[in-house]
Amino acid sequence: MSERFKDAFRRQYGGKAAGTMELGQEYAEKLGFKVPEYKTIETEIFRSFLKNNSITREMINGVYGDGQKSYDEEEQIYKSKVKNLFLQGRFTEEQEKELRKIFDAMRESGFPVITIRSSSILEDSEENQFKGIYESEFLCFSGDAEENFRLFKEKIKMVYATIFSPEARMYLKENNIP
């Protein structure tokens, strides 16, 4: 795999996704282990989810209020209001189709549990690494594919919401990241 391709992939999907791809394609067989099936959801789906649901940084800041709240107060707002904004959001029909393809591939991979996590360029900055800032979500496949798909979409939304969590907001502020 060329360095140019790796760089382009990293810019579109982030470092974790690029590293997993590289591990799966170049090293797993040589080292004698299997890398679980992985799929990536393009950043554009996230951006259009925000846009289509009118979720903006300014709106989220308004939900948190005046900026004078304690961490515990912000955590309560996050759990009761911010997460709910994301849960109420809807994916477009086109996004649903793309997510369904990803979901079906993951479900058919034979692994009973999947992890949904972020992988973004911002997280990969050498100056400001977001290790442990964004949450990961787990999904255990049960017998009901439609319920699993509903939960899959819900967990994606929860990962999206963590971008606006008190931890992420505090980290951005402390590191002067706009």
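Residues numbered from 1 in each chain as written. Predicted model: local features only at pLDDT ≥ 70, side-chain atom pairs only at ≥ 80, totals over all residues. Heavy atoms only, no water.

*Asks:* It is not clear to me how the pattern of salt bridges should be interpreted in this structure. Could you clarify?
*Replies:* Once their charged atoms are close, side chains differing in charge can pair, the charge on each being opposite to the other. This model, assessed by the stated rule, comprises 11 salt bridges. Close ionic contact of Arg100 with Glu146 constitutes a salt bridge, the shortest N to O distance being 2.8 Å. Residue Arg100 is located in helix 6 (residues 93-107), and its partner Glu146 is located in helix 7 (residues 145-161); the two are separated by 46 residues in the primary sequence. What makes Arg100 partly exposed here is its relative accessible area of 21%. Residue Arg107 pairs with Asp104 through a salt bridge whose shortest N-O separation is 3.4 Å. Of this pair, Arg107 and Asp104 both sit in helix 6, three residues apart, which is roughly one turn of the helix. You can call Asp104 partly exposed: its relative accessible area is 21%. Taken together, the shared-partner salt bridges connect Arg100, Asp104, Arg107 and Glu146 into one network. (Salt bridge = Lys/Arg side-chain N within 4 Å of Asp/Glu carboxyl O. Helix = DSSP H or I, 4+ residues; strand = E, 2+ residues; numbered from the N terminus. Buried < 20%, exposed > 50% of the residue type's maximum accessible area, 1.4 Å probe, protein only.)

*Asks:* Would you take a moment to explain the nonpolar core for this structure?
*Replies:* For soluble globular proteins, the rule of thumb is that nonpolar side chains tend to be buried together. If you look at the biggest cluster of nonpolar residues, it comprises 28 residues, and the most contacted ones within it are Val82, Phe86, Phe152 and Tyr160. Residue assignment for this core shows that the elements contributing at least two residues are helix 3 (43-52), helix 4 (57-64), helix 5 (71-88), helix 6, strand 1 (113-116) and helix 7. Residue contributions to this core peak at seven residues, all from helix 7. In contact with Phe86, not counting residues within four places along its chain, are Phe49, Leu50, Ile55, Ile60, Lys157, Met158, Tyr160, Ala161 and Phe164. Listed in part, the six residues of the second largest apolar core include Ile133, Tyr134, Tyr171 and Leu172. (Core = buried A, V, L, I, M, F, W, Y, C linked by side-chain atoms within 4.5 Å. Contact = heavy atoms within 4.5 Å.)

*Asks:* What's the story with the packing of aromatic side chains in this structure? I'm lost.
*Replies:* One pass over the full model with this rule turns up 10 aromatic pairs. Between Phe103 and Phe149, the ring centres sit 5.3 Å apart and the planes meet at 55°, which makes this aromatic pair tilted. Linking Phe103 in helix 6 with Phe149 in helix 7, this pair joins segments that are 46 residues apart in sequence. An aromatic cluster of at least three residues, connected via ring pairs, comprises Phe46, Phe49, Phe86, Phe91, Tyr160 and Phe164. Here Arg100 stacks its cationic end above the ring of Phe149, 4.0 Å away from the centre of that ring. Positioned above the aromatic ring of Tyr64 is the side chain of Arg169, whose terminal nitrogen or guanidinium carbon lies 3.8 Å from the ring centre. (Phe/Tyr/Trp six-rings, centres within 6.5 Å; stacked < 30°, edge-to-face > 60°. Lys NZ or Arg CZ within 6 Å of the ring centre and 35° of its normal.)

*Asks:* Honestly, the pairing of strand 2 (residues 137-140) in this entry has me stumped. Any pointers?
*Replies:* Each regular strand shows side chains that alternate between the opposite faces of the sheet. The two faces of strand 2 differ: Glu137 and Leu139 on one face are buried, but Phe138 and Cys140 on the other face are not. Bridge count for strand 1 against strand 2 is four bridges, and the pairing is antiparallel. Looking at the pairing, Ile116 lines up with Glu137 of strand 2. (Pairing = 2+ DSSP bridges.)

*Asks:* Would you take a moment to explain helix 8 (residues 166-174) for this structure?
*Replies:* Note on helix geometry: an α-helix contains 3.6 residues per turn, so any two residues three or four positions apart are oriented the same way. Burial in helix 8 covers these residues: Pro166, Ala168, Tyr171 and Leu172. Turning to helix 8, the residues buried within the fold contact helix 4 and helix 5. Phi for Asn176, located one or two positions after helix 8, is positive at around 50°.

That's the geometry; what it means functionally is another story.
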